[in-house]
Amino acid sequence: MSAAAPAPKANMGEPVPRYDARLKVTGMARYPSDVPVSNPAYAFLVTSAIAKGRIRRMDLSDAQAVPGVLTILTQDNTAELKPLAFGGGGGGAATSIQGLGPEISHDGQIVAVVVADTFEAAREAAYTIDIAYEPQEPSATFASAGVTEEDASKASERAKHLPQAGDADAAIAAAEVVLDAEYGTPTQHHNPIELFTTTCVWDDDRLTVYEPSQFVYGQKNNVAKKLGIGPDKVRVISQFVGGAFGSKAQLTPRTALIALVAKRLNRPVKLVATRDQGFTIATYRAETHHRIRLGAGRDGKIVGFSHEGWEVTSRPDPYAVAGVEDSARLYDFGTVTTHVTLLHADRNTPGFMRSPPVVPYIYALESAMDELAVKLDMDPVELRRRNDSMKDATGKEWSSRSLMRCYDQAAAAFGWSRRTPQPGSMREDDWLIGWGCATAVYPSHVGAAAARVRLLPSGQARVQIAAHDLGTGAYTVIAQMAARELGLPFEAVEVELGDSDLPPAPVAGGSNTTASACSAVMKVCAAIRAKLDMPAPVTGQNFDLKAAFEHANLGSIEEYAEFLPEGTKPEAISNLYAGKPTLGGGSHGKKLMYALGAEFVEVRVHARTREIRVPRILGAFAAGHIMNPRTARSQLMGGMIWGISSALHEATDIDRRNARYVNDNLADYLVPVNADVQELEVILVSEEDREVNPAGIKGIGELGNVGTAAAVANAVYHATGIRIRELPIRLEKLLV
Ligand code: MOS
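Per chain, residue numbering runs from 1 following the sequence as it is written. Per-residue local features of the predicted model are confined to residues with pLDDT of at least 70, and side-chain atom pairs are confined, for both listing and counting, to 80 or more; whole-chain, interface and lining totals are unaffected and use all residues. As a rule here, side-chain values come from all non-hydrogen atoms in the structure, and water together with hydrogens is ignored.

Participant: What is the right way to read the overall build of the chain from this model?
Facilitator: Think of it this way: any DSSP run of H or I at least four residues long counts as a helix, any run of E at least two long counts as a strand, and we number them from the N terminus. The helix and strand inventory of the chain stands at 18 helices and 27 strands. For the chain, the C-alpha radius of gyration of 26 Å lies close to 27 Å, the compact-globule estimate for 736 residues. Each residue is assigned to one of three classes by its accessible area relative to the maximum for its type, calculated with a 1.4 Å probe on protein chains only: buried under 20%, partly exposed between the two thresholds, exposed over 50%. Residue burial in the chain is summarised as follows: out of 736 residues, 62% are buried. In the chain, of all internal contacts separated by at least 6 residues, the share reaching a separation of at least 24 is 82%. All accessible-area figures derive from a Shrake-Rupley calculation using a 1.4 Å probe, and residue coverage is judged against the displayed protein chains alone. Accessible area for the chain stands at about 26,900 Å²; split by element, carbon and sulfur atoms hold 50% of it. His is not counted, nor are the chain ends; Lys and Arg add positive charge and Asp and Glu add negative charge. Note that the charge is assigned to NZ on lysines, CZ on arginines, CG on aspartates and CD on glutamates. In the chain, 75 side chains carry a positive charge and 86 a negative one; their mean positions are 1 Å apart. For the radius of gyration, the atom set is restricted to C-alpha positions; the globular benchmark scales as 2.2 Å times the number of residues to the power 0.38. By definition, residues are in contact when any of their heavy atoms lie within 4.5 Å.

Here's what the structure looks like:
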């Protein structure tokens, strides 16, 4: 990887090192399960060995006899937990499968919780519990007997109004060139390095939950509902999160179970679920299938686009990814038809996973665009240019769109003009070289948020907001924003995040955190400046803070403010306090608001062994104001590396007979290591968009991950002439 930090450019903040860098590298950053609690008991989960059926009998006698065992939760003693409706959006219940039996709805469902004085005793006891099941034949996935289909637009709020424009079927039928192809993406699991943990501590009737979370206010309100207590009795603390990627955005069943047992034992209880349990007690990215039809003129102008998606979900819950919402907007297709079908199987409920709507759907579209370019005998960048437009087929306009600037900068840096289009034509000795490209796109979300800032005459400031740092750099950019707005050095700002006692921020999902939190901080800082008669800060300005405080006759200033994005109803704030975030932007407002990018990949496929290598990957991205080029670059890099993973490595394999995940560990679940990622370059393309939010920020946490898989697949085609339409592309698929 090239190591040089980019020089600051127009509309870029300073590339300051991370606020929490020292804490992270010295091991002092306290992740939720690291927080010391007094005299904890340890929980171990027992999960179902069948995917469908009933528990007939559970024999706990051996388990109870293990020295140190304190109690065991089962279906027989947990009836007081209230059922919580499936959340769908950010912060709600991740699944409606919440009971410990007797009905079993998926493999690995939690059926008991053993609590003991030590982790070892709890684990030993868990393995001695003897469960007799009445199994039934489960339905695992696509093409399994017994799956049921459902029209997503009827089942899911998200998919209710999917984009349609004109008569796409007729336009495609009449088009000079037609591409009709099907694509598939596999099951994937987030596998954050930090496992799924929960520690619960009661102090009389007040509960504190330490749990890695993307939404502490959602956790707080929903765990209160599960327990049947007031939300004012619950505090959720999650100051550092060791990877989440969507898997820690909603309430999973474990939290209320640990809270309940801690209350019962009148003792803190700590759970660290195992890696394999993480595959079934939380969410994941379910497998998808796509049929894409594109009709175009010989000149490359697309006249019709049809995108049909099929997605697997659990038996009860209509979780829908529905990325046609975004694929249908990406170019001016003239006419559009979209449809999404859900397949209900005997599986745990899927959920958000990095860039959820767009990753599978844009992979399909951007592969199809490459196939269309081949059919047209046109350069794939040129095909995008001919269909680039400031409005989509429904007539909606973009607030800003820098797609072709991204393509042009990326193509120049990559050396794209040296590409010869014929597959296999760029061979070097035994290696077939392929160059491919694809578009990255992610909706620019922003939500209502509140923040509190205190400023002292000494020039020290403290920012408080219950936003979340998932390792993304939230502490850093929030400190930068306060420093900028108050004219202070970065080091003078202290930031407190991840605690439901602080003013609320939205779920850290949909890449909204920087935009939402920074907009709220801007508003509070403006209120502080008004009190001190302080001019809007200019870099390098000289303002006598002490004198201003004296003049105002104040010893310190503390301000609280609520930020409402344009067009948001005022109740968005009370909803946020109640754990229900509202995220606007993307395709949902008056204008289309998206961050965009162009990714270029070089692959090398060995002519005989078909070993696949990615020596070079480069992306250029435009995402409005970039708060910190250093943290932004890290996010985009990580996203692209994950894209390489999706393209070549990653898939959860399912044993179809038992509807069970097979490779549920980090030895068998393949992800790229450093040797798989060689040269990687990020170009930040300057862009200004004052419509997205007051801070002009478009999120980038998920952008880099989009389009990479298609760029790799397109490069593999260019190297070999073989078009792989089912991810991941592993070498056996190229042995033809
Ligand atoms: Mo992210 S997958 O939107 O939590």
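Participant: Sorry if this is basic, but what is going on with helix 15 (residues 545–552) here?
Facilitator: Within an α-helix, residues lying three or four positions from one another point in the same direction, as the helix has 3.6 residues per turn. Turning to helix 15, its buried residues number three or more, namely L545, A548 and F549. One side of helix 15 holds all its buried residues, which, seen down the axis, span an arc of 100°. In helix 15, those exposed residues whose orientation departs by more than 90 degrees from the buried face are K546, E550 and H551. Where helix 15 is buried, its residues meet strand 18 (449–455), helix 14 (513–532) and strand 21 (557–563). Polar contact is the term for a pair of N or O atoms within 3.5 Å; when the atoms are in protein, one must be able to donate a hydrogen and the other to accept it, and sequence-neighboring residues count only if both atoms are side-chain atoms. The backbone nitrogen of K546 has a side-chain oxygen 3.3 Å away, supplied by the residue at the start of helix 15, namely D544. Remark: N553 follows helix 15 within two positions and exhibits a positive phi of approximately 60°. When we speak of the arc, we mean the arc of directions from the helix axis to the C-beta atoms.

Participant: Help me understand the packing of helix 10 (residues 358–376) against helix 18 (residues 708–720), please; the structure alone is not making it clear to me.
Facilitator: Each pair of packed helices can be summarised by the angle the axes make with each other and by the distance between the axes. Put simply, helix 10 and helix 18 touch, their axes get as near as 8 Å, and they point 30° apart. One finds that helix 10 runs roughly parallel with respect to helix 18. Regarding helix 10 and helix 18, the two cross each other, and that crossing is right-handed. Each of I362, Y363, E366, S367, D370 and V374 in helix 10 lies in contact with helix 18, whose residues at this interface are A709, A710, A713, N714 and Y717. For helices, the fitted line uses only the C-alpha atoms of the stretch in contact; every axis is such a line through C-alpha atoms, and the angle between N-to-C directions lies from 0 to 180 degrees. Note on terminology: angles under 35 degrees are roughly parallel, angles over 145 are roughly antiparallel, angles of 65 to 115 are roughly perpendicular, and the others are oblique. Each crossing gets its handedness from the near helix: less than a right angle anticlockwise from the far helix is left-handed, clockwise is right-handed.

Participant: Got a minute to help me understand the sheet that holds strand 24 (residues 612–622) in this structure?
Facilitator: Note: strands within a sheet are paired through backbone hydrogen bonds, in either parallel or antiparallel orientation. DSSP calls a pair of strands paired once it identifies at least 2 bridges connecting them. Overall, mixed pairing links the 4 strands, which are arranged 16-23-24-27 in an open sheet. Each edge of the open sheet carries a strand with a single partner, namely strand 16 (431–443) and strand 27 (679–684). The mean angle between the axes of side-by-side strands here comes to 15°, regardless of whether they run parallel or antiparallel. As judged from the 13 bridges shared by strand 16 and strand 23 (residues 594–606), these two strands associate in the antiparallel manner. Following the sheet pairing, A438 is matched in strand 23 by E599. Relative to strand 23, helix 12 (residues 403–414) is tilted by about 30°, and along the sheet it contacts strand 16, strand 23, strand 24 and strand 27.

Participant: Looking at this structure, I do not really get the sheet that holds strand 11 (residues 234–237). What am I missing?
Facilitator: One open sheet accounts for 7 strands, arranged 3-5-1-12-9-10-11; its pairing is mixed. Every other strand in the sheet has two partners, leaving strand 3 (69–73) and strand 11 as the edge strands with one partner each. Between one strand axis and the next, the sheet turns through 20° on average, direction left out of account. Contacting strand 1 (41–47), strand 3, strand 5 (110–116) and strand 12 (269–272), helix 3 (residues 119–128) runs over the sheet at an angle of about 25° to strand 1.

Participant: Sorry, what's going on with the environment of N628 here?
Facilitator: Secondary-structure assignment places N628 in the loop between strand 24 and helix 17 (629–648). Separated by 601 residues in the primary sequence, N628 and G27 have C-alpha atoms spaced 24 Å apart. In this structure N628 touches E14, P15, V16, T476, V477 and Q480, once residues within four positions along its chain are discounted. At 2.8 Å, the side chain of N628 and the backbone nitrogen of R630 are in polar contact.

Participant: Looking at this model, I keep getting lost on the nonpolar core. Mind explaining?
Facilitator: If you look at soluble globular proteins, the nonpolar side chains tend to sit buried side by side. In this text, buried Ala, Val, Leu, Ile, Met, Phe, Trp, Tyr and Cys residues form a nonpolar core when linked through side-chain atoms within 4.5 Å. One finds L294, L365, L372, F600 and V603 to be the most contacted residues of the largest nonpolar core, which totals 98 residues. A per-element tally of this core places helix 10 first, with 11 residues. Sequence-distant contacts of L372, defined by excluding residues within four places in its chain, comprise V177, L179, L294, A296, I302 and L383. Counting 48 residues, the second largest nonpolar core, distinct from the first, contains A29, L455, V463 and A505.

Participant: Explain helix 7 (residues 254–265) here, please?
Facilitator: Multiply 1.5 Å by the residue count of a helix minus one, and that product is the helix's expected span. Taking 1.5 Å of rise per residue, 12 residues should cover 16 Å, and helix 7 covers 17 Å from first to last C-alpha, within 8% of that figure. Within helix 7, 9 of the 12 residues are buried, leaving the element largely enclosed by the surrounding structure. Those residues of helix 7 that fall on the buried side of the exposure criterion are R254, T255, A256, L257, I258, A259, L260, V261 and A262. The positive-phi residue at the C-terminal boundary of helix 7 is N266, with phi of around 55°.

Participant: What is the right way to read unusual backbone geometry from this model?
Facilitator: Cis geometry marks the peptide bond from G101 to P102; its omega dihedral reads 0°. The topology assignment puts P102 in the loop between strand 3 and strand 4 (103–104). Residue P728 is reached from L727 by a cis peptide bond, and omega for that bond is -5°. Positionally, P728 belongs in the segment after helix 18. One non-glycine residue, D204, lies in the positive phi region at around 55°. Look at A322: it is not a glycine, yet its phi comes out positive at around 50°. Of note, A322 is situated in the loop between strand 14 (302–313) and helix 9 (324–327). Assessed through its relative accessible area of 1%, A322 is described here as buried.

Participant: What is the right way to read the packing of aromatic side chains from this model?
Facilitator: In this description, a pair of aromatic rings is defined by centroid distance and the angle of the planes. Two rings belonging to Phe, Tyr or Trp (six-membered ring only in the last case) form a pair when the distance between their centres is within 6.5 Å. Interplanar angles under 30 degrees mark stacking, angles over 60 mark edge-to-face geometry, and anything in between is tilted. Throughout the structure, instances matching the rule amount to 19 aromatic pairs. On the basis of an interplanar angle of 75° and a centroid distance of 5.9 Å, the ring pair of F279 and Y669 is categorised as edge-to-face. Of the two residues, F279 is situated in helix 8 (residues 275–281) and Y669 in the loop between strand 26 (660–661) and strand 27; the sequence distance between them amounts to 390 residues. Accessibility classification places F279 together with Y669 in one group, the buried group.

Participant: What exactly am I supposed to notice about the packing of helix 6 (residues 216–227) against helix 7 here?
Facilitator: It is the contact of helix 6 with helix 7, at a shortest axis distance of 10 Å, that shows an interaxial angle of 60°. In terms of their interaxial angle, helix 6 and helix 7 are classed as oblique. Between helix 6 and helix 7 lies a crossing whose hand is right-handed. Contacts between helix 6 and helix 7 involve Q219, V223, K226 and L227 from the former and T255, A256, A259 and L260 from the latter. We call Asp, Glu, Lys and Arg charged. Ala, Val, Leu, Ile, Met, Phe, Trp, Tyr, Cys and Pro are nonpolar, and the rest, Gly among them, are polar. Tallied by class, the residues present in the contact of helix 6 with helix 7 amount to 5 nonpolar, 2 polar and 1 charged.

Participant: When you look at the environment of V69 in this model, what are you seeing that I'm missing?
Facilitator: Here V69 lies in strand 3. Considering only alpha carbons, one finds V69 and A126, 57 residues apart in sequence, at a separation of 9.9 Å. When residues no more than four places from it in sequence are discounted, the contact partners of V69 are A63, Q64, V114, V115, A116, A121 and A125.

Participant: Please clarify how the pattern of salt bridges should be interpreted in this entry.
Facilitator: Pairing is possible between side chains that carry opposite charge, provided their charged atoms lie close to one another. Note on definitions: salt bridges are taken to be side-chain nitrogens of Lys or Arg within 4 Å of carboxyl oxygens of Asp or Glu. According to the stated counting rule, one finds 41 salt bridges in the structure shown. E558 serves as the salt-bridge partner of R462, at 3.4 Å between the closest nitrogen and oxygen. One end of the pair, R462, is in strand 19 (residues 461–464); the other, E558, is in strand 21, with 96 residues separating them in the sequence. Residue classification places E558 among the partly exposed positions, given a relative accessible area of 43%. Residue E485 pairs with R529 through a salt bridge whose shortest N-O separation is 3.2 Å. Pair noted here: E485 is in helix 13 (residues 474–486) and R529 is in helix 14, with a separation of 44 residues, a long-range link. For the pair shown, E485 and R529 are each scored as buried. Because the salt bridges share partners, they merge into one network encompassing E382, R385, R386 and D408.

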